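# Structural features, examined
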Amino acid sequence: MEIFKKMEEHDYEQLVFCQDKNSGLKAIICIHDTTLGPALGGTRMWNYETEEEAIEDAIRLGRGMTYKNAAAGLNLGGGKTVIIGDPLKDKNEEMFRAFGRFIQGLNGRYITAEDVGTTVADMDLIHEETDFVTGISPAFGSSGNPSPVTAYGCYIGMKAAALEAFGDDSLEGKTVTVQGVGNVAYTLCEYLHKEGANLIVTDINKDAVQRAVDNFGATAVEPNEIYSQEADIFAPCAMGAIINDDTIPQLKVKVVAGSANNQLKEERHGDELESRGIVYAPDFVINSGGVINVADELYGYNNERAMKRVETIYDSISRIFEISKRDGIPSYQAADRMAEERIERVRKSRSQFLRNEHNIISRR
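All of these numbers come straight from a predicted model, not from anything done at the bench. (Residues numbered from 1 in each chain as written. Predicted model: local features only at pLDDT ≥ 70, side-chain atom pairs only at ≥ 80, totals over all residues. Heavy atoms only, no water.)

Here we take up the overall build of the protein chain. The helix and strand inventory of the protein chain stands at 13 helices and twelve strands. Sorting the 364 residues of the protein chain into buried and exposed places 53% on the buried side. Total accessible area computed for the protein chain in this model is approximately 17000 Å², and 47% of it derives from carbon and sulfur atoms. Each charge class in the protein chain can be summarised by its mean position, and for the 39 positive and 57 negative side chains these summaries are 6 Å apart. (Helix = DSSP H or I, 4+ residues; strand = E, 2+ residues; numbered from the N terminus. Buried < 20%, exposed > 50% of the residue type's maximum accessible area, 1.4 Å probe, protein only. Areas by Shrake-Rupley, 256 points an atom, 1.4 Å probe, with all protein chains shown as cover. Lys, Arg positive; Asp, Glu negative; His and termini not counted. Charge placed at Lys NZ, Arg CZ, Asp CG, Glu CD.)

See the structure below:
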């Protein structure tokens, strides 16, 4: 792999390779862009087959966080860490404390959080060595479980998508199909039920499905039947890549809005939704409640302030639809453009400020 060529492709700022022989730590920190502020992104631990695969994942995820944080209106850039190893067998205290020291050495350029394969307990160990970590135990002043906040943001974003599709953001009487009934989706169902929506749910976990049936009067269907239901809104809240060649022809909805990551298998599937007149709420924007919530920890966590910020997801989704119409592009492209435009505005403002400072100094 030609690393510098790869970094130049999307203008990555920094890759940091971290190794600690005693603990077995092998980590790669990717800092993609810090125009808006320090890079915030989680630490993923995965048993990658090759180092090249780990690097690819780090840079892909790091760039994704730049867009997510920018679109969420946060004054934070994007980054990500991957640790090479089996999260079930290879963890130890020394590993995460060593990693914390590497983060501390970056002096605030990168702030980490929990991700796939890591836990709150792991973040607490990192916190022993650095303050540049979020998602730690509530006893240390963190925000706790982010799932309810992610669910609220998804609910708010769904209402904005409903306004675009139906001319009214009320979800009362709307039928919503929910794929997956995990922690985020269950709370989303609670919000939808309270507003008077009709729910159709599925999950491979039959107990989770039954809980939604019992508590919200949901209708249960088999996992492969969820796509073909007659409904108004489809909420993917489980696996990624579920908007694809097989599922799109089955959809009988006007809106796709859910909390799952990477919902489009390929970008062209976003084009296909657009051509069919289906309103798509881009996943990295509608599910940004979690990152908005943990970002509030950087100011001393305040739940009321965090929830107010999460409510701006409504405006962000609405803005995406405006850009989509303005530029004649699908919503998934409009979401990227919204993030890019914000970064570019700040970059230009900063450049102008530096030029003005230079001119002042030169005249002295």
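What follows deals with the packing of helix 3 (residues 93–105) against helix 4 (residues 120–127). Running from N to C, helix 3 and helix 4 cross one another at 55°; their axes reach a closest spacing of 7 Å. With respect to helix 4, the axis of helix 3 lies oblique. Like other packed secondary-structure pairs, helix 3 and helix 4 cross with a definite hand, here right-handed. Residues Glu93, Phe96, Arg97, Phe99, Gly100 and Ile103 of helix 3 touch helix 4, and the partners they reach there are Asp122, Leu125 and Ile126. For the contact of helix 3 with helix 4, the per-class residue count stands at five nonpolar, one polar and three charged. (Axes fitted to C-alpha atoms, helices over the stretch in contact; angles between N-to-C directions. Parallel < 35°, antiparallel > 145°, perpendicular 65-115°, else oblique. Left-handed = near helix turned anticlockwise from the far one by under 90°. Contact = heavy atoms within 4.5 Å. Nonpolar A, V, L, I, M, F, W, Y, C, P; charged D, E, K, R; others polar.)

A full pass over the atoms with the stated rule returns five aromatic pairs. Taking 5.4 Å as the distance between ring centres and 45° as the angle between the ring planes, the aromatic pair formed by Tyr152 and Tyr191 counts as tilted. With Tyr152 in helix 5 (residues 147–166) and Tyr191 in helix 6 (residues 183–195), the pair connects residues that are 39 residues apart, well separated along the chain. The exposure class of Tyr152 is buried, given its relative accessible area of 14%. Both rings, one in Tyr186 and one in Phe216, keep their centres 5.0 Å apart while their planes meet at 45°; by these two values the pair is tilted. Taken as a pair, Tyr186 in helix 6 and Phe216 in helix 7 (residues 206–216) lie far apart in primary sequence, 30 residues in all. Like Phe216, Tyr186 is buried. Taken together, Tyr152, Tyr155 and Tyr191 form an aromatic cluster joined through their ring pairs. Sitting over the ring of Phe166, Lys174 keeps its end group 4.9 Å from the ring centre. (Phe/Tyr/Trp six-rings, centres within 6.5 Å; stacked < 30°, edge-to-face > 60°. Lys NZ or Arg CZ within 6 Å of the ring centre and 35° of its normal.)

With that settled, the discussion passes to the side chain of Asp86. Following the sequence through the fold, Asp86 ends up in the loop between strand 5 (77–84) and helix 3. Lys89 is the oppositely charged side chain nearest to the buried, salt-bridge-free Asp86, at an N-O distance of 4.1 Å. When residues no more than four places from it in sequence are discounted, the contact partners of Asp86 are Met45, Asn47 and Lys91. (Salt bridge = Lys/Arg side-chain N within 4 Å of Asp/Glu carboxyl O.)

Let's shift gears to unusual backbone geometry. Positive phi, close to 55°, is recorded for Asn107, a residue that is not glycine. Its location among the elements puts Asn107 in the loop between helix 3 and strand 6 (110–111). For Asn107, a relative accessible area of 63% gives the class exposed. Positioned with a positive phi, Asn262 is a non-glycine residue whose angle comes to about 50°.

Okay, the pairing of strand 2 (residues 25–33) next. Burial within strand 2 is extensive, with eight of its nine residues counted as buried. Where strand 1 (residues 14–20) meets strand 2, seven bridges bridge the pair, whose relative direction is antiparallel. Of the residues in strand 2, the one forming a bridge with Leu15 is Cys30. Counting the residues in the hairpin turn of strand 1 and strand 2 gives four residues, including Gly24, whose phi is positive at 85°. For strand 2 and strand 5, the ladder comprises six bridges, and the chain directions are antiparallel. Pairing of Ile29 across the sheet is with Thr81, part of strand 5. (Pairing = 2+ DSSP bridges.)

When the terminal C-alpha atoms of helix 3 are compared, their 19 Å separation across 13 residues agrees well with the 18 Å that a helix rising 1.5 Å per residue should span. All of the buried residues along helix 3 are Met95, Phe96, Ala98, Phe99, Gly100 and Ile103. Buried positions along helix 3 lie against strand 1, strand 2, strand 4 (43–46), strand 5, strand 6 and helix 4. Backbone geometry just downstream of helix 3 places Asn107 in the positive-phi region, at approximately 55°. (Expected span 1.5 Å × (residues − 1).)

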